[in-house]
Amino acid sequence: MRHRIRLFILLAWCLVVVPGLPAVAVQRDWIKGTTASNWFDDANWSGGQYPQNGDTVIIASNATVALTNATAILDSLTVSNATLVFANLAAQVTATNVAIYGTVRHSQNSATTTNASGGWDPNARVTIVCSNFLLASGGRIDANGLGYYGYYSGLNGNNVGAGPGGGGFWAGGGYGGPGGAGNGGAVYGSTNAPNDPGSGGGNGNGPNGGNGGGAVVIQATNVVISGVITADGGPSSGGNYAGGGSGGSISIVCRTLAGTNGTISASGSTSQANGGGGGGGRIATVYDSVAQSNLNQTARPTVTFAANGGRNGWGNRQNDGRPGSLYFTDSSFFPSTNLQGGRVI
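This is a predicted model, so every value here is computed, not measured.

Enquirer: Residues and numbers for the environment of phenylalanine 40, please.
Expert: On the secondary structure map, phenylalanine 40 appears in the loop between β2 (37-38) and β3 (56-59). Taking relative accessible area as the criterion, phenylalanine 40 reaches 24% and is therefore assigned partly exposed. Between the alpha carbons of phenylalanine 40 and valine 290 there is a distance of 41 Å; along the sequence they are 250 residues apart. Dropping the residues within four chain positions of it, phenylalanine 40 is found in contact with Tyr50, Leu67, Thr68, Asn69 and Ala70.

Okay, structure coming up:
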């Protein structure tokens, strides 16, 4: 009899909804429409609650969604005909499956001076952690010009672009490669795990220098890139010697990488007139050599990589920005036709 009572109590406890445990996973559709709104506002989602652990999440309908913190651990996220904006460094997507058919970007890196320790603090990047990542044909992760600012009136009193590799007067910003012209921005950051934004170009007798490119980090088991990931420097403006912005950073850590006609680019931008072009940024692709080699036997990816230096606006090659860095786990993964510019490290 005692055993029966214990069994009854155990079964009854199992039927109780314990406060604090996650609800049953559901599909959450964005319902706000085209107005830019916060991911964590319950009113923006079907079911009246923002996505929880295990949910299937769909963002469509030309929506613009601001992600201001880390998501729950999702079953899947699909961005289709919509834009997802990573608003700060805390923003991160974690899911089993991520599929991008629309656009992903991050906010502008807005630091205009160094911190108390003399370093530069980034404030936004795209960070995605998942098992299966798909960037479909037509999908984009666009971080062009979202790094540190190029010089503009009031930025500082020394004509230098923002960031660790800010370009000087008439000069391009640097990152994976130095900026062009005599005061070109310096090289900085990691080659095999880059996550810094690119730096801005310098003043050119009044015109604005180009912004540096932004930063993208993808950590996944299986990655498919058939769309475009760009973290290129932004254009300079004004038509009179302003330096180009450097390329930013793109870091992909995975077991295997596949894709058809995909593009991964972190190139510097072209200067105005005879200013210096922006230096190339940094791209790192880290994968399992054995698993990737096995995949290549049947489906070698046709994905191109570029970390070119930006050109001098007048065609003066001596003032071009220098190529950035390309890092791969081994030297046999990509044929030379996949490499469209940059120094292979």
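Enquirer: Give a description of the pairing of strand β19 (residues 325-328) that names residues and reports values.
Expert: Sheet topology places strand β17 (residues 282-286) next to β19; 4 bridges connect them, and they run parallel. The residue of β19 that forms the bridge with threonine 285 is phenylalanine 328. Relative to strand β20 (residues 343-344), β19 is paired through 2 bridges, and the arrangement is parallel. For serine 325, the partnering residue across the bridge sits in β20 and is arginine 343.

Enquirer: Go over the nonpolar core with me, naming the residues and quoting the values.
Expert: The biggest cluster of nonpolar side chains holds 49 residues, and the ones touching the most others in it are Trp39, Ile59, Leu84, Phe133 and Ile229. No other element matches strand β9 (residues 126-135), which puts 5 residues into this core. Discounting chain neighbours no more than four positions away, the residues touching isoleucine 59 are Trp30, Trp39, Trp45, Val65, Leu77, Thr78, Val79, Ser80, Ala82 and Leu84. Ranked by size, the runner-up nonpolar core spans 5 residues in total, among them Ala111, Tyr148, Leu155 and Ala162.

Enquirer: Residues and numbers for the packing of aromatic side chains, please.
Expert: Under the definition given, this model contains 10 aromatic pairs. Measuring from centroid to centroid gives 4.9 Å for tryptophan 30 and tryptophan 45, while their planes differ by 90°, and the two rings are edge-to-face. Of this pair, tryptophan 30 sits in the loop between β1 (27-29) and β2 while tryptophan 45 sits in the loop between β2 and β3, and the two are 15 residues apart along the sequence. Between tryptophan 39 and tryptophan 45 the ring centres are 5.2 Å apart and the planes differ by 70°, which places this aromatic pair in the edge-to-face class. The exposure classification of tryptophan 39 matches that of tryptophan 45, with both residues buried. One aromatic cluster is present, formed by Phe169, Trp170, Tyr241 and Trp314 through successive ring pairs.

Enquirer: Any chance you could break down the pairing of β17 for me, citing the residues and the numbers?
Expert: Within β17, 4 of the 5 residues are buried, which leaves the element mostly enclosed by the surrounding structure. Where strand β14 (residues 249-253) and β17 come together, 5 bridges link them in parallel fashion. Residue pairing in the sheet places isoleucine 250 in a bridge with isoleucine 283 of β17.

Enquirer: Account for the sheet that holds strand β6 (residues 83-86), with residues named and values stated.
Expert: An order of β2-β4-β6-β8-β10-β13-β16-β18 is seen for the 8 strands of this open sheet, with the pairing classed as parallel. Edge positions in the sheet fall to β2 and β18 (302-306), since each has one partner strand and no second. By the bridge criterion, 3 bridges tie strand β10 (residues 140-142) to strand β13 (residues 228-230) in an arrangement that is parallel. Within β13, the position partnered with arginine 140 by the bridge is valine 228.

Enquirer: I'd like to hear about the environment of asparagine 109, residue by residue, with values.
Expert: Take asparagine 109: it is sitting in the loop between β8 (103-106) and β9. As for asparagine 109 and tyrosine 148, which are separated by 39 residues in sequence, their C-alpha atoms are 5.4 Å apart. Once residues lying within four places of it in the same chain are set aside, the contact partners of asparagine 109 are Pro122, Asn123, Ala124, Leu146, Gly147, Tyr148, Tyr149 and Pro197. At a separation of 2.8 Å, a polar atom in the side chain of asparagine 109 contacts the main-chain amide nitrogen of asparagine 123. A polar contact of 3.2 Å, which involves the side chain of asparagine 109, links it to the backbone oxygen of alanine 124.

Calculation criteria
Residues numbered from 1 in each chain as written. Predicted model: local features only at pLDDT ≥ 70, side-chain atom pairs only at ≥ 80, totals over all residues. Heavy atoms only, no water. Helix = DSSP H or I, 4+ residues; strand = E, 2+ residues; numbered from the N terminus. Buried < 20%, exposed > 50% of the residue type's maximum accessible area, 1.4 Å probe, protein only. Contact = heavy atoms within 4.5 Å. Pairing = 2+ DSSP bridges. Core = buried A, V, L, I, M, F, W, Y, C linked by side-chain atoms within 4.5 Å. Phe/Tyr/Trp six-rings, centres within 6.5 Å; stacked < 30°, edge-to-face > 60°. Polar contact = N/O pair within 3.5 Å; in protein donor to acceptor, adjacent residues only side chain to side chain.

That's the geometry; what it means functionally is another story.
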